[in-house]
Amino acid sequence: EGYRASVVLTVPPRRTGYITPEQQAAICAAVPDEAKRIAIEMLFLGLRVSEPETVIEHNLISSSQATAAGPNYFAVTGKGNKPRSPEIDLERLRRIDNYRLIERPARVATFKRLNGTDDEPAALLLNAKNGNALSKTMIYRAGNHLRVLKAGDKPEGNSGGTTRRGGWLDLDRVRLSVEPH
(Lines give C-alpha, C1' and ligand atoms only; values in the text may rest on other atoms or scores of the structure.)
Protein backbone atom coordinates (compact mmCIF):
# COMPACT_ATOMS: atom_id res chain seq x y z
CA GLU A 1 0.00 0.00 0.00
CA GLY A 2 1.62 3.22 -1.16
CA TYR A 3 5.16 1.94 -1.57
CA ARG A 4 7.31 4.29 -3.64
CA ALA A 5 9.83 1.84 -5.01
CA SER A 6 10.02 -1.74 -6.12
CA VAL A 7 12.68 -4.23 -5.16
CA VAL A 8 14.07 -6.90 -7.44
CA LEU A 9 15.90 -9.70 -5.67
CA THR A 10 18.21 -11.84 -7.76
CA VAL A 11 18.75 -15.25 -6.22
CA PRO A 12 21.08 -17.77 -7.87
CA PRO A 13 19.26 -20.91 -9.09
CA ARG A 14 18.99 -23.82 -6.65
CA ARG A 15 20.00 -21.63 -3.77
CA THR A 16 17.47 -21.56 -0.99
CA GLY A 17 17.61 -20.03 2.41
CA TYR A 18 18.57 -16.56 3.43
CA ILE A 19 18.73 -13.17 1.79
CA THR A 20 21.86 -11.09 2.17
CA PRO A 21 22.14 -7.97 4.35
CA GLU A 22 22.27 -5.90 1.13
CA GLN A 23 18.97 -7.43 0.00
CA GLN A 24 17.47 -6.77 3.44
CA ALA A 25 18.53 -3.12 3.20
CA ALA A 26 16.98 -2.83 -0.29
CA ILE A 27 13.66 -4.24 0.93
CA CYS A 28 13.58 -1.89 3.92
CA ALA A 29 14.52 1.13 1.78
CA ALA A 30 11.45 0.49 -0.39
CA VAL A 31 9.08 0.91 2.59
CA PRO A 32 8.34 4.59 3.27
CA ASP A 33 6.72 4.22 6.71
CA GLU A 34 9.31 4.01 9.49
CA ALA A 35 7.24 1.82 11.83
CA LYS A 36 6.56 -0.68 9.05
CA ARG A 37 10.25 -0.60 8.08
CA ILE A 38 11.23 -1.43 11.66
CA ALA A 39 8.65 -4.25 11.72
CA ILE A 40 10.22 -5.73 8.56
CA GLU A 41 13.69 -5.44 10.08
CA MET A 42 12.42 -7.30 13.13
CA LEU A 43 11.25 -10.10 10.84
CA PHE A 44 14.85 -10.35 9.62
CA LEU A 45 15.87 -10.83 13.28
CA GLY A 46 13.74 -13.97 13.37
CA LEU A 47 10.39 -12.70 14.60
CA ARG A 48 7.21 -14.28 13.29
CA VAL A 49 4.79 -12.12 11.26
CA SER A 50 2.50 -11.61 14.26
CA GLU A 51 5.26 -10.65 16.73
CA PRO A 52 6.41 -7.09 15.81
CA GLU A 53 3.03 -5.73 16.92
CA THR A 54 3.55 -7.29 20.37
CA VAL A 55 6.73 -5.33 21.15
CA ILE A 56 5.89 -3.11 24.12
CA GLU A 57 7.52 0.34 24.25
CA HIS A 58 8.94 0.01 27.77
CA ASN A 59 10.22 -3.57 27.15
CA LEU A 60 12.71 -2.48 24.49
CA ILE A 61 15.95 -0.93 25.70
CA SER A 62 17.37 2.19 24.07
CA SER A 63 20.69 2.23 22.25
CA SER A 64 22.26 4.10 25.20
CA GLN A 65 21.35 1.19 27.51
CA ALA A 66 22.65 -1.45 25.09
CA THR A 67 26.09 -2.96 25.16
CA ALA A 68 28.15 -2.54 22.01
CA ALA A 69 29.59 -6.03 22.37
CA GLY A 70 26.07 -7.48 22.80
CA PRO A 71 24.08 -9.56 23.02
CA ASN A 72 21.03 -7.33 23.58
CA TYR A 73 17.57 -8.86 23.95
CA PHE A 74 13.99 -7.61 23.94
CA ALA A 75 10.67 -9.19 24.87
CA VAL A 76 7.88 -10.21 22.49
CA THR A 77 4.79 -12.34 22.89
CA GLY A 78 5.24 -15.37 20.67
CA LYS A 79 3.07 -18.13 19.33
CA GLY A 80 0.58 -19.37 21.90
CA ASN A 81 1.11 -16.21 24.02
CA LYS A 82 4.52 -17.50 25.12
CA PRO A 83 7.14 -14.84 25.90
CA ARG A 84 10.28 -14.85 23.74
CA SER A 85 13.50 -12.84 23.92
CA PRO A 86 15.08 -12.36 20.49
CA GLU A 87 18.43 -10.64 20.10
CA ILE A 88 18.73 -7.16 18.54
CA ASP A 89 21.83 -5.38 17.29
CA LEU A 90 22.95 -1.87 18.25
CA GLU A 91 22.39 -0.37 14.77
CA ARG A 92 18.72 -1.43 14.75
CA LEU A 93 18.31 -0.04 18.27
CA ARG A 94 19.64 3.32 17.03
CA ARG A 95 17.08 3.37 14.20
CA ILE A 96 14.32 2.51 16.69
CA ASP A 97 15.51 5.36 18.95
CA ASN A 98 15.18 7.76 15.98
CA TYR A 99 11.63 6.52 15.41
CA ARG A 100 10.87 6.96 19.13
CA LEU A 101 12.11 10.57 19.07
CA ILE A 102 10.87 11.74 15.69
CA GLU A 103 7.79 9.79 14.55
CA ARG A 104 6.23 8.01 17.53
CA PRO A 105 5.21 11.17 19.50
CA ALA A 106 2.95 12.37 16.65
CA ARG A 107 1.38 8.91 16.39
CA VAL A 108 0.77 8.84 20.15
CA ALA A 109 -0.91 12.27 19.92
CA THR A 110 -3.15 11.00 17.10
CA PHE A 111 -4.08 7.94 19.18
CA LYS A 112 -4.96 10.10 22.20
CA ARG A 113 -7.00 12.54 20.11
CA LEU A 114 -8.98 9.88 18.23
CA ASN A 115 -9.63 7.73 21.32
CA GLY A 116 -10.32 10.58 23.74
CA THR A 117 -7.79 9.35 26.27
CA ASP A 118 -4.67 10.54 28.05
CA ASP A 119 -3.26 7.01 28.11
CA GLU A 120 -0.36 6.26 25.81
CA PRO A 121 -0.55 3.09 23.68
CA ALA A 122 1.72 0.36 25.00
CA ALA A 123 2.89 -0.90 21.61
CA LEU A 124 6.16 0.42 20.22
CA LEU A 125 5.18 0.37 16.54
CA LEU A 126 2.14 2.52 15.80
CA ASN A 127 0.08 3.07 12.68
CA ALA A 128 0.48 6.56 11.17
CA LYS A 129 -3.27 6.95 10.46
CA ASN A 130 -4.77 6.30 13.89
CA GLY A 131 -1.94 5.58 16.32
CA ASN A 132 -3.08 2.02 16.96
CA ALA A 133 -0.56 -0.82 17.08
CA LEU A 134 0.57 -2.14 13.70
CA SER A 135 -1.13 -5.34 12.67
CA LYS A 136 -0.62 -7.74 9.83
CA THR A 137 -3.48 -9.17 7.83
CA MET A 138 -2.99 -12.53 6.18
CA ILE A 139 -4.98 -13.90 3.24
CA TYR A 140 -5.17 -17.69 3.14
CA ARG A 141 -6.16 -19.62 0.03
CA ALA A 142 -7.36 -23.19 -0.27
CA GLY A 143 -8.38 -24.03 -3.81
CA ASN A 144 -11.10 -21.57 -4.77
CA HIS A 145 -11.64 -20.39 -1.20
CA LEU A 146 -10.17 -17.33 0.56
CA ARG A 147 -10.10 -16.32 4.21
CA VAL A 148 -8.72 -13.09 5.73
CA LEU A 149 -7.37 -13.17 9.29
CA LYS A 150 -5.19 -11.02 11.46
CA ALA A 151 -1.79 -12.72 11.74
CA GLY A 152 -1.52 -14.83 14.85
CA ASP A 153 -5.29 -15.13 15.40
CA LYS A 154 -6.94 -18.54 15.33
CA PRO A 155 -10.21 -18.69 13.39
CA GLU A 156 -13.40 -19.14 15.38
CA GLY A 157 -15.79 -21.98 14.64
CA ASN A 158 -13.49 -23.72 12.20
CA SER A 159 -15.02 -27.08 11.37
CA GLY A 160 -11.93 -28.22 9.52
CA GLY A 161 -13.30 -27.49 6.04
CA THR A 162 -13.55 -24.42 3.85
CA THR A 163 -17.11 -23.52 4.80
CA ARG A 164 -18.77 -20.12 5.14
CA ARG A 165 -19.26 -20.86 8.83
CA GLY A 166 -15.46 -21.21 9.12
CA GLY A 167 -14.99 -17.76 7.55
CA TRP A 168 -14.08 -18.92 4.04
CA LEU A 169 -15.24 -17.11 0.90
CA ASP A 170 -16.05 -19.39 -2.05
CA LEU A 171 -14.70 -17.60 -5.14
CA ASP A 172 -17.03 -19.65 -7.38
CA ARG A 173 -20.06 -18.19 -5.58
CA VAL A 174 -19.17 -14.50 -5.45
CA ARG A 175 -22.11 -12.29 -6.45
CA LEU A 176 -21.94 -8.64 -7.41
CA SER A 177 -24.64 -5.99 -7.62
CA VAL A 178 -24.46 -3.82 -10.73
CA GLU A 179 -26.19 -0.46 -11.01
CA PRO A 180 -26.36 0.82 -14.59
CA HIS A 181 -25.83 4.56 -15.11
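Residues numbered from 1 in each chain as written. Predicted model: local features only at pLDDT ≥ 70, side-chain atom pairs only at ≥ 80, totals over all residues. Heavy atoms only, no water.

Trainee: How would you explain the pattern of salt bridges if you had to name every residue and give the values?
Mentor: In this structure the tally under the stated criterion is 13 salt bridges. Residues Arg84 and Glu51 are paired through a salt bridge, measuring 2.8 Å at the closest nitrogen-oxygen approach. Taken together, the residues span a long stretch of sequence, with Arg84 in strand β3 (residues 83-84) and Glu51 in the loop between α2 (34-44) and β1 (72-73) at a distance of 33 residues. Take Arg84: its relative accessible area is 28%, and that puts it in the partly exposed class. Assessed through its relative accessible area of 0%, Glu51 is described here as buried. A salt bridge links Glu91 to Arg95; the nearest nitrogen and oxygen atoms lie 3.3 Å apart. Here Glu91 and its partner Arg95 are both found in helix α3 (residues 90-102), four residues apart, which amounts to about one turn of the helix. We classify Glu91 as partly exposed; its relative accessible area is 41%. By relative accessible area, which is 28% here, Arg95 ends up partly exposed. (Salt bridge = Lys/Arg side-chain N within 4 Å of Asp/Glu carboxyl O. Helix = DSSP H or I, 4+ residues; strand = E, 2+ residues; numbered from the N terminus. Buried < 20%, exposed > 50% of the residue type's maximum accessible area, 1.4 Å probe, protein only.)

Trainee: How would you sum up the nonpolar core? Please name residues and give values.
Mentor: Judged by nonpolar contacts, the single largest core of 21 residues is most densely connected at Met42, Phe74, Leu124 and Leu125. Elements that contribute at least two residues to this core include exactly α2 and α3. Not counting residues up to four positions away in its chain, the partners in contact with Leu124 are Met42, Val55, Ile56, Glu57, Leu60, Ile96, Tyr99, Arg100 and Arg104. (Core = buried A, V, L, I, M, F, W, Y, C linked by side-chain atoms within 4.5 Å. Contact = heavy atoms within 4.5 Å.)

Trainee: Let's hear about the side chain of Asn72: which residues, and what values?
Mentor: For Asn72, the location among the structural elements is in strand β1. Within the structure, the side chain of Asn72 is placed 3.0 Å from the backbone oxygen of Thr67, a separation counted as a polar contact. Setting aside residues no more than four positions away along its own chain, Asn72 makes contact with Ile61, Ala66, Thr67, Pro86, Glu87, Ile88 and Leu93. (Polar contact = N/O pair within 3.5 Å; in protein donor to acceptor, adjacent residues only side chain to side chain.)

Trainee: Give a description of unusual backbone geometry that names residues and reports values.
Mentor: Despite not being glycine, Asn81 shows a phi value in the positive range, around 60 degrees. Mapped onto the secondary structure, Asn81 falls in the loop between β2 (76-77) and β3. Judged by relative accessible area, which is 66%, Asn81 ranks as exposed.

Trainee: Quick rundown of the environment of Ala69? Include the residues and the values.
Mentor: Looking at where Ala69 falls in the secondary structure, it is placed in the loop between α2 and β1. In this structure, the C-alpha to C-alpha distance between Ala69 and Asp89, residues 20 residues apart in sequence, is 9.3 Å.

Trainee: Break down the packing of helix α1 (residues 21-29) against α2 for me, citing the residues and quoting the values.
Mentor: Between α1 and α2, the shortest axis-to-axis distance is 9 Å and the interhelical angle comes to 155 degrees. What the angle tells us is that α1 and α2 run roughly antiparallel. For the crossing formed where α1 meets α2, the hand is right-handed. Facing Gln24, Ile27 and Cys28 of α1, the residues of α2 in contact are Arg37, Ile40, Glu41 and Phe44. (Axes fitted to C-alpha atoms, helices over the stretch in contact; angles between N-to-C directions. Parallel < 35°, antiparallel > 145°, perpendicular 65-115°, else oblique. Left-handed = near helix turned anticlockwise from the far one by under 90°.)

Read these as geometric descriptors, not functional statements.
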